[in-house]
Amino acid sequence: MRKLFAFIIGTAALSAQAAEPENYYQSCEGKTGKELLQSLRSVVGPHRDVGYDGLWNVYKTSDVRADGTLWDIYSTKAWPSNFTKCGNYKKVGDCVNKEHSFPKSWFGGKVHPMFSDAYHLYPTDGKVNGQRSNLPYGECANGTSESPNGNVRALGKKGTSTFPGYSGTVFEPDNEYKGDLARTYFYMAAAYNDKIAGWSSNTPAKEMLAGNNYPAYKTWAVNLLLKWHRQDPVSKKEQDRNEAVSRHQNNRNPFIDHPELVEYIWGNKQGMAWYVGAGNEPQIISPADGSSIDLGLSSIGITRSRRITVKGADLKENVRVNVTGTGFTVTLSSLPLTTVCTAAGAEITVSYMSEAASSATGSLILRSGDVTTTVSLHCTAVDGLPAGPATDISDESFTARWSCIDDPASTYTLDVMRDGRSLPGYPTKVTAGDEHAAVNGLQPETAYTYTVASPTLTSQPVSVTTAAPIPSVEFLYDGHLEFVTTPGQPSEIAEILTVIENIPGDVTISVSSPFQVSTDKQSWGNTVTLSPGEERFYMRLFGQTEGSYSTSVVAMAEGYNNDDLDVDGTIGQPAPSFHEDFEPKGEGTYSKKTYLGSACKWETDAYFGTGADNYPHEGNQAARMNKSTPGYLTMLEAKPNGMGTLTLWAHLWKTDTKTVTLTASVSADQGSTWENVGKIVIEPNGNGGNNRYQEYTLPINRTGSLRLKLQQDIVSRTMIDDIRLTDCRSSGIEEANAAEYHTWDAYCRNGRLILESDGSDDNFATVYSVDGTERHAAILPPGETALDLPAGLYIVVVRDFSRRVLVK
């Protein structure tokens, strides 16, 4: 009966975790260490690529809370279902983007399937994502967080590593998600074990990656990930996410299904063979063995307590509880097996009290049979009300903290001072039980102190210095940034504005070929340098080889890297997507009619018939335009995907001698209004008849669902056949450049201020130096106007728009 009871408890523990398909990991059984990791690759590596844009659909089920809001691991915001996708952001809580928790630059950028693998891409706050950039994860005791935005706080901080073995800059995520991210990194080592050895070439990557496929990560990183994995066990959030992502990708994260795999590959069970049932060994899951629990601050003679949840799996005996260390006590000495081995676990309370000011350490010891877990305990008793240290330190805020030693509903007084004087609005009343309060509106890199007082006690002053402003580069641009061109032909140029903050020196912008960047529209390359005061650069696609291309636009400065902007482009010849050959039988009259062609339905007064007089270009039939009134062909159905280039074959009737002009128009509103997009001129071709077809081409370049109309200017029996239309593969750059703001431009080239205009009559430009002195004022002629001005910063104003230009 005892064995049966243990089996039931173990089965219940397993059913609470993700349920992989039967025998899913069977091929990995009996293996150890490196061989085990490589065998996992063959199981979880192959998967369906949902695509980068497809991740938004995945997130609808993988990263939602019970109330339907989006789960963000980088901020406290509960994003509604109609959340804003990044673009541009200024503050925490502005928008959501897709965070490569394993940075994309580490594996070469937009390389699939890694680029869109949902197991390591999380929906996150854009501002905090930008702060993290492509830094390795780590621990930084004195890190800096982004400033809060109202009641939305950033989760995570950036700073110098304080974890043993690494001293570089890291980003430390919130404690709640450290285990999640550790198991994400273990997944990447398994799913891409055949690739990860080649991912250590760039600087941030090589700080964490070992340059091999086992152990894949450097020693300090393995130790860090093991610590996080052990201290933050698999949660229901992770299990639910694993199930949701697996439905889309058809693979799983094995370290969520079987957390013990981590120990067999990197941890304390290396060299031991793993089997699917290995996770059923008796274990105390939380708190983790070797972890630490800090009870915080207490006051002399006041008890400080903390509730601790104890969870286990497959245990055979009740859990015995003991504490060591002067002043530490625990509420229970034994926990029943039936409570510990459940999803909720059992709860104990550990307390500390001292009659003198002291900093104490102790141990919490949990035993069940042969299983022992030891947890370090810490607590400090102070003279007066316990307060500090501050947390969530940013360049303009911090969180003041204290310990409540009275009724939680009682009132304390918080005073914040600079140079011994209270700040405006302080002292202020706070609720004792909150044990924290946000202090905002501060100056960067400035020393402050705060105290917290009850009616009877006052804390010692707590010193805190705000952080330096966080550097950032934000990209602003009009339209959809996707480039389209043909081989050997530069694409449309996109103007990209940068908002550079808290970076005193140069910023280097780089892209990969065949993308190019420039600051003067003349010198193009893969990098440009923006000096302080410069705010814009230009980008285009230019190459000889057809294909689809992508690049990250990377902004780099000393201690800063931003590769959040991804850009796509296509070089190729547009392929016809619409071909009307007029082969379906039509009415042989010149009356108005509806003709059902091979490509769409037409309204026309053209004649359709077979025989020698119809001279088809190919096949048996062509459209012969009306001989009594100027003929026309009008589409009654819209063509999707726009119209790029129109081509058609035409010739005049055999005895006609007058030149015919076909006017082409398009309609985006089902024929209510029409836009003239160009003309085709058909000349007589002589030799006793006009029965020789010629091909005519007209660029249209309009996006959307469109109808086409061809209208003759005179009466003529013009023969028309084989009408083709390509899609308009517009990126949105063309539309953006048609905006009023882009009818003119200003930039520096070779030490001169260049003013550029399309010749619009109202492009009256005024140039000011930064002191407000007017240096030039005139209507801009078409083309370029070069001004010789001293080096410096200038403001160019045209109508309600302005551009800053640094002449250098």
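Calculation notes
- Residues numbered from 1 in each chain as written.
- Predicted model: local features only at pLDDT ≥ 70, side-chain atom pairs only at ≥ 80, totals over all residues.
- Heavy atoms only, no water.
- Pairing = 2+ DSSP bridges.
- Helix = DSSP H or I, 4+ residues; strand = E, 2+ residues; numbered from the N terminus.
- Axes fitted to C-alpha atoms, helices over the stretch in contact; angles between N-to-C directions.
- Buried < 20%, exposed > 50% of the residue type's maximum accessible area, 1.4 Å probe, protein only.
- Arc of directions from axis to C-beta.
- Contact = heavy atoms within 4.5 Å.
- Core = buried A, V, L, I, M, F, W, Y, C linked by side-chain atoms within 4.5 Å.
- Lys, Arg positive; Asp, Glu negative; His and termini not counted.
- Salt bridge = Lys/Arg side-chain N within 4 Å of Asp/Glu carboxyl O.
- Polar contact = N/O pair within 3.5 Å; in protein donor to acceptor, adjacent residues only side chain to side chain.
- Phe/Tyr/Trp six-rings, centres within 6.5 Å; stacked < 30°, edge-to-face > 60°.
- Lys NZ or Arg CZ within 6 Å of the ring centre and 35° of its normal.
- Left-handed = near helix turned anticlockwise from the far one by under 90°.
- Nonpolar A, V, L, I, M, F, W, Y, C, P; charged D, E, K, R; others polar.
- pLDDT = per-residue confidence, 0-100.

Quick word on the sheet that holds strand 47 (residues 792–798)
By way of backbone hydrogen bonds, the strands of a sheet pair with one another, either parallel or antiparallel. Read across the sheet, 4 strands follow the order 45-44-47-48 without closing on themselves; strand pairing throughout is antiparallel. Each edge of the open sheet is held by one strand with a lone partner, namely strand 45 (774–779) and strand 48 (801–807). Looking at each pair of strands side by side, their axes are set apart by 20 degrees on average, direction ignored. Here strand 47 pairs with strand 48 via 7 bridges, running antiparallel. Across the sheet, the residue bridging to Gly792 is Val807, located in strand 48.

Notes on helix 3 (residues 55–62)
Along helix 3, the residues classified as buried are Leu55, Trp56, Val58, Tyr59 and Ser62. Each buried residue of helix 3 lies within a common arc of 150 degrees when the element is viewed along its axis, so the set occupies one face. The inward-facing, buried residues of helix 3 contact strand 1 (96–100), strand 2 (121–125) and helix 8 (236–249).

A word on the nonpolar core
With 74 residues, the main nonpolar core has Phe102, Trp199, Tyr217, Phe255 and Trp266 as its most contacted residues. Counting only elements with at least two residues in this core, the list comes to helix 2 (33–44), helix 3, strand 2, strand 4 (169–172), helix 5 (178–191), helix 7 (219–231) and helix 10 (261–265). Residue contributions to this core peak at 9 residues, all from helix 5. Those residues in contact with Trp199 that lie beyond four places of it in its chain are Phe102, Trp106, Phe107, Met114, Met188, Tyr192, Ala205 and Leu209. Counting 32 residues, the second largest nonpolar core, distinct from the first, contains Phe582, Tyr595, Leu652 and Leu708.

Topic: the side chain of Glu260
Within the secondary structure layout, Glu260 lies in the loop between helix 9 (254–257) and helix 10. Buried within the structure, Glu260 lacks any salt-bridge partner; its nearest side chain of opposite charge belongs to Lys269, at an N-O separation of 8.0 Å. In terms of polar contacts, Glu260 uses its side chain to reach the side chain of Trp274, at 3.0 Å.

Digging into the pattern of salt bridges
Applying the stated criterion across every chain, the model contains 34 salt bridges. With a closest N to O distance of 2.8 Å, Asp257 and Arg252 form a salt bridge. Residue classification places Asp257 among the buried residues on the basis of a relative accessible area of 3%. Sharing partners across several salt bridges, the network here consists of Glu495, Lys521, Arg536, Asp745, Glu756 and Arg803.

Side note on the packing of aromatic side chains
Taken as a whole, this structure holds 30 aromatic pairs when the rule is applied. Look at Phe102 and Trp106: their rings are 5.2 Å apart centre to centre, the planes differ by 75 degrees, and that puts the pair in the edge-to-face class. Ring pairing ties together the aromatic residues Tyr74, Phe102, Trp106, Phe107, Tyr137, Phe171, Tyr185, Tyr192, Trp199 and Tyr217, which thus form one cluster. The ring of Trp71 carries the charged tip of Lys237 above its face, separated from the ring centre by 5.2 Å. Across the ring face of Tyr122, the terminal group of Arg241 is positioned such that the distance to the ring centre comes to 4.1 Å.

Observations regarding the sheet that holds strand 7 (residues 304–313)
With antiparallel pairing, 4 strands are arranged side by side in an open sheet as 5-7-11-9. Across the chains shown, the open sheet's two edge strands, defined by having one partner strand only, are strand 5 (283–286) and strand 9 (328–330). The mean angle between the axes of side-by-side strands here comes to 35 degrees, regardless of whether they run parallel or antiparallel. Of the strand pairs in this sheet, strand 9 and strand 11 (residues 346–352) are connected by 3 bridges, and their pairing is antiparallel. Looking at the pairing, Thr329 lines up with Ser351 of strand 11.

Side note on the packing of helix 3 against helix 8
Their axes nearest at 9 Å, the elements helix 3 and helix 8 cross at an angle of 145 degrees. Note on packing geometry: the crossing formed by helix 3 with helix 8 is right-handed. Across the interface between the two elements, Asn57, Val58, Tyr59, Thr61 and Ser62 from helix 3 touch Arg241, Ala244, Val245 and His248 from helix 8. The residue inventory of the contact of helix 3 with helix 8, partitioned by class, reads 4 nonpolar, 4 polar and 1 charged.

Here we look at the confidence of the model for the protein
The predicted model of the protein averages 91 in pLDDT, with 95% of residues at 70 or higher. Across residues 1–18, confidence stays below pLDDT 50; counting only partners more than four residues off in sequence or on other chains, it has 20 contacts.

Section: the environment of Val796
The topology assignment puts Val796 in strand 47. For Val796, a relative accessible area of 0% gives the class buried. Taking the C-alpha atoms as reference, Val796 lies 9.9 Å from Glu774; in sequence the two are 22 residues apart. Setting aside anything within four residues of it in sequence, one finds Val796 in contact with Trp744, Ala746, Leu753, Leu755, Ala765, Thr766, Val767, Phe801, Ser802, Arg803 and Val805.

Some details on the side chain of Asp605
In this fold, Asp605 is placed in the loop between strand 32 (601–604) and strand 33 (607–609). The charged side chain of Asp605 is buried without a salt bridge, its nearest counter-charge being Lys593 at 6.7 Å. At 3.0 Å, the side chain of Asp605 forms a polar contact with the side chain of Asn626. Reaching out from Asp605, the side chain makes a polar contact with the backbone nitrogen of Tyr632 at a distance of 3.2 Å. With residues near it in sequence (within four places) discarded, Asp605 still touches Thr589, Tyr590, Ser591, Lys592, Lys593, Asn626, Thr629, Pro630, Gly631 and Tyr632.

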